[in-house]
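Coordinate analysis (summary)
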Amino acid sequence: MLKTRIITAIILISAFIPALFMFSSEAWAVGMLGITLLALYEWGALIKLNEVERFAYTAVCAALGIAVVMLMDKYGFHSFFFKSLVSFFIAALFWITIVPIWLAKRFVVGNKLIMMLMGVLLMAPLWLALICAKGADPWLLLILLATIWIADSAAYFAGKNFGKNKLAPTISPGKTWEGVIGALLAVTLFAAILHFGFAVDNLAIFPLLWITAILGVIGDLFESLMKRQANIKDSGDLLPGHGGILDRIDGLIPSLPIAILMIYVYNYTYNFL
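Residues numbered from 1 in each chain as written. Predicted model: local features only at pLDDT ≥ 70, side-chain atom pairs only at ≥ 80, totals over all residues. Heavy atoms only, no water.

Scanning the entire structure with this criterion turns up 14 aromatic pairs. Plain terms: the ring middles of Tyr41 and Phe55 are 5.3 Å apart, the flat faces sit at 55 degrees to each other, and that makes the pair tilted. Taken together, the residues Tyr41 in helix α2 (residues 25-46) and Phe55 in helix α3 (residues 51-75) connect sequence positions 14 residues apart. For Phe55, a relative accessible area of 51% translates into the label exposed. An aromatic cluster is built from Phe77, Phe81, Phe82 and Tyr264, whose rings are joined through pairwise contacts. The positively charged end of Arg54 is found above the aromatic ring belonging to Tyr41, 3.8 Å away from the centroid. The ring of Trp28 carries the charged tip of Lys134 above its face, separated from the ring centre by 5.8 Å. (Phe/Tyr/Trp six-rings, centres within 6.5 Å; stacked < 30°, edge-to-face > 60°. Helix = DSSP H or I, 4+ residues; strand = E, 2+ residues; numbered from the N terminus. Buried < 20%, exposed > 50% of the residue type's maximum accessible area, 1.4 Å probe, protein only. Lys NZ or Arg CZ within 6 Å of the ring centre and 35° of its normal.)

We now examine the environment of His78. Along the chain, the position of His78 falls in helix α4 (residues 77-105). Accessibility expressed as a relative area gives 60% for His78, which makes it exposed. In this structure the C-alpha to C-alpha distance between His78 and Gly135, which are 57 residues apart in sequence, comes to 9.1 Å.

Turning to the side chain of His195, a few remarks are in order. Tracing the backbone shows His195 in helix α7 (residues 177-197). For His195, a relative accessible area of 15% puts it in the buried group. Every residue in contact with His195, bar those within four places of it in the chain, is listed here: Val200, Asp201, Asn202, Leu203 and Phe206. (Contact = heavy atoms within 4.5 Å.)

Taken as a whole, this structure holds 6 salt bridges when the rule is applied. As a salt-bridge pair, Asp152 and Arg248 come within 3.7 Å of each other at their nearest N and O atoms. A residue pair is termed long-range when its members are at least 10 positions apart, and Asp152 in helix α6 (residues 138-162) and Arg248 in helix α9 (residues 245-249) qualify at 96 residues. Taking the shortest distance from any N to any O, the salt bridge between Lys227 and Glu223 comes out at 3.8 Å. Taken together, the residues Lys227 and Glu223, both in helix α8 (residues 205-230) and 4 residues apart, mark about one turn of the helix. Accessibility expressed as a relative area gives 11% for Lys227, which makes it buried. Residue classification places Glu223 among the buried positions, given a relative accessible area of 6%. By sharing partners, the salt bridges in this structure join Glu223, Lys227 and Asp247 into a single network. (Salt bridge = Lys/Arg side-chain N within 4 Å of Asp/Glu carboxyl O.)

Here it is as structure tokens:
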């Protein structure tokens, strides 16, 4: 299992990183749209859509996504970026104000239409953030993605070896507070390497990566709750050793849009002052 997991991760990284630096903005947007649509198809299973409903749901989202790519090409990146900020703000409100209550109360929403709209609310900001971050600076996107990957791996290692205190036993029994601490320590080390070793001079890199890692944990917990309510172990089986697309990007869903929003607000405030 571990060997399969590692091989899959190597293949994914080997394809992802060249695409990040070599693809045009349009090609990148289309590629990330494909991944987003696969995640939405898996989301359809979580909310108990049948096969016809899942295909129809994904097809409608695909048409909307292609329309957005065409608008991006027509109006240019800067206009696209500023319009995307609205979706990042809505995502921030959802994850900061609604999701903590949702997790605490373990709400079950049976209305399929509401849950389909929620899927778009979850995935559209992530897709837009992937496009905006690459357009602004591919290295920035790689740093934010690496933060989630590092935090996830460190949380698994620390939780497996030192975990005693459950983080959310009724949602995800395997997650522990020791895992969260391990993730934050690893992310702090990563930020220190960036700051002292790669001349990322701004000390704001530390709180940015800490918040990104914490949001990643929240995203992971939220997907775990959805899977538990759907009574399934993995969101899919597309990635050997990892499960589905949603299982790999759950931490990115809240963290990347909110991180881009925080960077924009910080830069705007700093330049304004």
